[in-house]
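Here's the letter readout for the chains.
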Amino acid sequence: MSSTYRILCLSHDPALTIDTPDYNRPEQAEEAIRAGIDGHTTCDLAIGRYSYPLVDLGCPASRDQPAQLRCHHGSTIWTDKDWLLLLAAAYQSDDPTMQQAIKAGHHDCLPWERLQRLRNELDLPIKENPRP
Ligand SMILES: [Zn+2]
Ligand SMILES: [Zn+2]
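Asker: Quick question: what am I supposed to make of the nonpolar core here?
Answerer: Generally speaking, soluble globular proteins have nonpolar side chains that are buried together. Counting 23 residues, the largest nonpolar core has I7, L8, C9, A29, L45, A46 and L115 as the members making the most contacts within it. Mapped onto this core, the elements with two or more residues apiece are β1 (4–9), α1 (26–35), β3 (45–50), β4 (54–59) and α2 (81–91). If one sorts the elements of this core by residue count, β1 sits on top with four residues.

And the structure:
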């Protein structure tokens, strides 16, 4: 199954797919972020792996990321769609065990503020008043 990699701008709310040629390998998207994306030079960028729809989200190496994020890592960190959906459900849950699990975890790449911007890409159900 072939995948396509595209760059997402998460400074926009909801997230925007940046109109670049589709990449066949993640390294090409990483390279493009490293080189800088026109019009998004200070934006929060991520890499989406698509097998239409989005199947994986990559948070690029911190040194290549134009925005200041809470996370720090030397290479791209990938999170697959199933986990993104579970995480989104947990962030919005009123269940204390879910809230506890979120607090105990390290979700520095994907705080709710960032994850919820992918609501269109992931077809995320969003509650009226999600917890922070
Ligand atoms: Zn942008
Ligand atoms: Zn990260």
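Asker: In this structure, what is going on with the sheet that holds strand β2 (residues 16–17)? I would like to understand it.
Answerer: Within a sheet, adjacent strands bond to each other through the backbone by hydrogen bonds, running parallel or antiparallel. The strand order β2-β1-β3-β4-β5 describes an open sheet built from five strands, whose pairing is antiparallel. In the strand order of this sheet, the two ends are held by β2 and β5 (77–80), each with one partner. As paired elements, β1 and β2 share two bridges and run antiparallel to each other. The residue of β2 that forms the bridge with C9 is L16. Sheet contacts for α1: β1, β3 and β4; angle to β1, the most-contacted strand, approximately 30°.

Asker: How do you make sense of the pairing of β4 when you look at a structure like this?
Answerer: Pairing of β3 with β4, which is carried by four bridges, proceeds in the antiparallel orientation. Paired with R49 across the two strands is D56, which belongs to β4. Joining the antiparallel neighbours β3 and β4 is a turn of three residues, in which Y52 adopts a positive phi near 20°. As defined by bridge partners, β4 adjoins β5 across four bridges and the pair is classed as antiparallel. Following the sheet pairing, L57 is matched in β5 by T79.

Criteria and thresholds
Residues numbered from 1 in each chain as written. Chains lettered and ligands numbered in written order. Predicted model: local features only at pLDDT ≥ 70, side-chain atom pairs only at ≥ 80, totals over all residues. Core = buried A, V, L, I, M, F, W, Y, C linked by C-beta atoms within 7 Å. Buried ≥ 20, exposed ≤ 12 C-beta atoms within 10 Å, placed from the backbone. Helix = DSSP H or I, 4+ residues; strand = E, 2+ residues; numbered from the N terminus. Pairing = 2+ DSSP bridges. Contact = placed C-beta atoms within 7 Å. Axes fitted to C-alpha atoms, helices over the stretch in contact; angles between N-to-C directions.

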